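Tertiary structure, described
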Amino acid sequence: MSFVDDDGICKAPIAENQLKGFSTYGGQQLEVDWKTETRKFCDITFRALLILHYSQETT
């Protein structure tokens, strides 16, 4: 949550090669491409919120 700004956008540093493309170890990119920062941050924010949601259910 420390990487989520006041607008609710997660700007955590990520290894882009882990989310882009499709392979056994990656391919979690939801947007068609990351040609804009908005698309990139939408993907990152969705994943971060999903992880946060499920991590709270296990405690």
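For every chain, the first residue of its written sequence is number 1, and the numbers climb from 1 along that sequence. Since the coordinates come from a predicted model, pLDDT governs what is reported: local features require at least 70, and pairs of side-chain atoms require 80 or more to be given and counted, while whole-chain, interface and lining totals use all residues. Excluding hydrogens and water, the side-chain figures rest on all heavy atoms present in the structure.

**Brief notes about the packing of aromatic side chains**
Under the pairing criterion, centres of Phe, Tyr and Trp rings, with the six-membered ring standing for Trp, must be within 6.5 Å; the plane angle then separates stacked pairs below 30 degrees from edge-to-face pairs above 60, leaving the rest tilted. Applying the stated criterion across every chain yields a total of 0 aromatic pairs. Directly above the aromatic system of Phe-41 lies the positively charged group of Lys-11, at a separation of 5.2 Å from the ring centroid. By definition here, charges over rings are those cases where NZ of Lys or CZ of Arg is within 6 Å of the ring centre and within 35 degrees of the ring normal.

**Observations concerning the pattern of salt bridges**
Any Lys or Arg side-chain nitrogen found within 4 Å of a carboxyl oxygen on Asp or Glu counts as a salt bridge. Summed over the entire model, instances satisfying the criterion amount to 1 salt bridge. Lys-11 is the salt-bridge partner of Asp-5, the closest N and O atoms lying 3.9 Å from each other. Exposure classes here rest on a 1.4 Å probe applied to the protein chains alone. A residue is buried below 20% of its type maximum, exposed above 50%, and partly exposed in between. The exposure class of Asp-5 is partly exposed, given its relative accessible area of 26%. Residue Lys-11 is classed as partly exposed on the basis of its relative accessible area, which comes to 44%.

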